[in-house]
Amino acid sequence: INKKKISLLKKNAYIINTARGGIVDSSALLQALKNNQIAGAALDVLEEESSLNDSKHKKLLAQLTKRDNVIITPHNAFNTHEAVQRILDITIETIQSIIENKPLQNKIE
């Protein structure tokens, strides 16, 4: 969703992105919000999440988070009871294998 696509939206539209960060051009989104082109945004993924230490992206994220019409939540789809239990089980199995000097089942080479 770039500047051109955002310009096609109604002023009372909200952009909601729970899919992938790269779907929404964050700079275009911020400009649209500043210019009151759209009503707001809800994001649980961000463009260039892997580059959040980059000063440009930090500044952009800071500007988005300060807006009253933007909600940013953590993207944690893995955070179900079952997924967390599986992570714990695998961690315990790995530690036990290391202690018992057994081959690791989840070793990545």
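The structure displayed is predicted, hence computed values, not measured ones.

### Some details on the sheet that holds strand S3 (residues 70-72)
Ordered in space as S1-S2-S3, the three strands form an open sheet in which the pairing is parallel. At either margin of the open sheet sits one strand with a lone partner, and together these are strand S1 (14-17) and S3. Averaged over all adjacent pairs, the angle separating strand axes in this sheet is 5°, with direction ignored. Here S1 runs beside strand S2 (residues 40-43); their pairing, made up of four bridges, is parallel. Considered in S2, the bridge of Tyr 14 is made with Gly 40. Running at roughly 145° to S2, helix H2 (residues 26-34) makes contact with S1, S2 and S3 of the sheet.

### A word on the environment of Val 24
Structurally, Val 24 can be placed in the loop between S1 and H2. For the pair Val 24 and Ser 97, spaced 73 residues apart in sequence, the C-alpha to C-alpha distance is 44 Å. Excluding its chain neighbours within four sequence positions, the residues that come into contact with Val 24 are Ile 1, Ile 15, Asn 17, Leu 29 and Glu 47.

### Description of the pairing of S1
Successive side chains on a regular strand alternate, one facing one side of the sheet and the next facing the other. Burial of S1 is one-sided: the residues Ile 15 and Asn 17 facing one way are buried, the residues Tyr 14 and Ile 16 facing the other way are not. Note on the crossover from S1 through H2 to S2: the handedness is right-handed.

### Remarks on the pattern of salt bridges
Enumeration according to the criterion identifies one salt bridge in this entry. Across the salt bridge formed by Glu 100 and Lys 102, the nearest N and O atoms sit 3.0 Å from each other. A relative accessible area of 49% means that Lys 102 is categorised as partly exposed.

### Things to note about helix H4 (residues 81-99)
In this model, H4 (19 residues) spans 27 Å end to end at C-alpha, consistent with the 27 Å of a helix rising 1.5 Å per residue. A positive backbone phi angle near 55° is found at Asn 101, which sits one or two residues after H4.

### Side note on the nonpolar core
The biggest cluster of nonpolar side chains holds 15 residues, and the ones touching the most others in it are Ile 6, Ile 15, Leu 29, Leu 33, Ile 38, Leu 64 and Val 70. For this core, the elements supplying multiple residues, two or more each, are H2, S2 and helix H3 (55-65). Each residue touching Leu 64, except ones within four places of it in the same chain, is listed here: Leu 29, Leu 30, Leu 33, Val 70 and Ile 72.

The rules behind these values
Residues numbered from 1 in each chain as written. Predicted model: local features only at pLDDT ≥ 70, side-chain atom pairs only at ≥ 80, totals over all residues. Heavy atoms only, no water. Pairing = 2+ DSSP bridges. Helix = DSSP H or I, 4+ residues; strand = E, 2+ residues; numbered from the N terminus. Axes fitted to C-alpha atoms, helices over the stretch in contact; angles between N-to-C directions. Contact = heavy atoms within 4.5 Å. Buried < 20%, exposed > 50% of the residue type's maximum accessible area, 1.4 Å probe, protein only. Right-handed = clockwise from strand over helix to strand, strands pointing away. Salt bridge = Lys/Arg side-chain N within 4 Å of Asp/Glu carboxyl O. Expected span 1.5 Å × (residues − 1). Core = buried A, V, L, I, M, F, W, Y, C linked by side-chain atoms within 4.5 Å.

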